[in-house]
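Structural overview for review
For reference, the chains in residue letters:
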Amino acid sequence: MDQQFSVHALASGSSGNATLVRAGRIAFLIDVGLPMRKLSAALAKQGLTPADLSGVVISHEHADHVQSAHAISKRHNVPLIANEKTLTAFYRRKTQTPHHILAVGDRWTVGDLQIETFTIPHDAIDPVGINILHAPSGQKVSHLTDVGHVTETIRRAIRGAHLLVLEANHDVHRLQGGGYPGYLKARILSDQGHLSNEAAGHLLCEHALEHGPHTVWLAHLSKENNTPKLALGYARATVAVETNCPVVFDVAKRDSPSAFWTPGQSALQLPLF
Ligand SMILES: [Zn+2]
Ligand SMILES: [Zn+2]
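Small disclaimer: the values here were computed from a predicted structure and weren't measured.

Quick notes on the rules
- Residues numbered from 1 in each chain as written.
- Chains lettered and ligands numbered in written order.
- Predicted model: local features only at pLDDT ≥ 70, side-chain atom pairs only at ≥ 80, totals over all residues.
- Heavy atoms only, no water.
- Donors = N, O, S within 2.8 Å, 3.2 Å for Na, K, Ca; no water.
- Tetrahedral: all angles 85-135°; square planar, octahedral: opposite > 155°, others 65-115°.
- Buried < 20%, exposed > 50% of the residue type's maximum accessible area, 1.4 Å probe, protein only.
- Helix = DSSP H or I, 4+ residues; strand = E, 2+ residues; numbered from the N terminus.
- Pairing = 2+ DSSP bridges.
- Core = buried A, V, L, I, M, F, W, Y, C linked by side-chain atoms within 4.5 Å.
- Phe/Tyr/Trp six-rings, centres within 6.5 Å; stacked < 30°, edge-to-face > 60°.
- Axes fitted to C-alpha atoms, helices over the stretch in contact; angles between N-to-C directions.
- Contact = heavy atoms within 4.5 Å.

The next subject is the coordination of the zinc ion (ligand 2). Looking at the zinc ion (ligand 2), the protein donor atoms are His 60 (NE2), His 62 (ND1), His 122 (NE2) and Asp 146 (OD), and they sit 2.2 to 2.4 Å from it. Here the zinc ion (ligand 2) is ringed by 4 donor atoms whose angles at the metal span 92 to 169°, and the overall shape comes out irregular. Counting the intervening residues between successive donors of the zinc ion (ligand 2) yields the motif H-x1-H-x59-H-x23-D. Between the zinc ion (ligand 2) and the zinc ion (ligand 1) the interatomic distance amounts to 3.6 Å, and Asp 146 serves as a bridging ligand to the pair.

As a further point, take the pairing of strand 10 (residues 139-144). Burial analysis of strand 10 places 6 of its 6 residues in the buried class, the great majority of the element. Judged by which residues are buried, strand 10 turns out to be covered on both faces: Gln 139, Val 141 and His 143 on one side and Lys 140, Ser 142 and Leu 144 on the other are all buried. Taken together, the 5 bridges between strand 9 (residues 128-134) and strand 10 define a ladder with antiparallel strand orientation. When the sheet's bridge partners are listed, Ile 132 is paired in strand 10 with Val 141. Here strand 9 hands over to strand 10 after 4 residues, with Gly 138 in that stretch at a positive phi of 70°.

With that out of the way, let us pick up the nonpolar core. One finds Leu 144, Ile 154, Leu 166, Leu 204, Leu 218 and Phe 249 to be the most contacted residues of the largest nonpolar core, which totals 27 residues. Elements with a minimum of two residues in this core: helix 5 (152-157), strand 11 (163-167), helix 8 (197-211), strand 12 (215-219), helix 9 (228-243) and strand 13 (248-251).

Looking now at the packing of aromatic side chains. Applying the stated criterion to the full structure yields 3 aromatic pairs. Between the aromatic rings of Phe 5 and Trp 261, the centroid separation amounts to 5.5 Å while the plane-to-plane angle is 85°, which identifies the pairing as edge-to-face. Within this pair, whereas Phe 5 is found in strand 1 (residues 3-11), its partner Trp 261 is found in strand 14 (residues 260-261), the two being separated by 256 residues in sequence. Across the pair, exposure class does not vary: Phe 5 and Trp 261 are buried alike. Ring centres of Phe 28 and Trp 108 lie 5.8 Å apart, and the angle between their planes is 80°; on these two criteria the pair is classed as edge-to-face. Of the two residues, Phe 28 is situated in strand 3 (residues 26-30) and Trp 108 in strand 7 (residues 107-110); the sequence distance between them amounts to 80 residues. With respect to class, Phe 28 is no different from Trp 108; both count as buried.

A word on the sheet that holds strand 9. Pairing within the open sheet is mixed, and its 7 strands lie in the order 7-8-9-10-11-12-13. In the strand order of this sheet, the two ends are held by strand 7 and strand 13, each with one partner. Strand-to-strand, the axes of this sheet are offset by a mean angle of 20°, without reference to chain direction. Along the sheet, helix 8 contacts strand 10, strand 11, strand 12 and strand 13; its crossing angle with strand 11, the most-contacted strand, is approximately 160°. Sitting on the sheet, helix 9 touches strand 12 and strand 13, and the angle it makes with strand 13 is about 165°.

What follows is the structure in structure tokens.
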């Protein structure tokens, strides 16, 4: 059955990441950091099996983004789509499976969707953010997690996004005052680490001022150093005070399917905010 263009958060955070993108007869994942059993169950609820996927686009090789990538590719012949350095790092001690090299900046076209990637700063070999363009509706989705800091490349890449999936990993004060060892705090806070609520808020304001109403999912929230309430509260308040723009917010939950988006949804939900 033909599906409307849609994006569905299946899991988001250090315990595993996966986002399902569908349009027409096409379904693919951004990252696959869930255990296979959990992934299969989440797909089954959408009427899909792993073998139905056209591919898995991999943002970077950290385990919370690739845990089931090898299994899904080997068992179900699903191609892994990533840049060469990421694939090389991923396959270091594994047999090769179906895959497709997508150089940073190039496009992979599947059905009505075009997928392009852009460089982001994070402590992986060649990490990327992912843009999805749906030609029939003219809608754009930008997917951006595991980001050490915001760069000009990022600002340019997400321009015009109707759905922005953006990391809001931690509250800086909570992280600094929390129980993580010093080296881990330093890693998370570094330019190659993860994006704070504050940094995400700044970028959201820029995007709202430039682009107007749209939808934002806060993603990759830390279990220890953030809460959905804290992240949402900060983002909503910052955007309201600094832009007065009616942005629709949601949180991609850590370990269960949650946020769902289709084109036009923002307009329908605007009165709520
Ligand atoms: Zn991650
Ligand atoms: Zn990572």
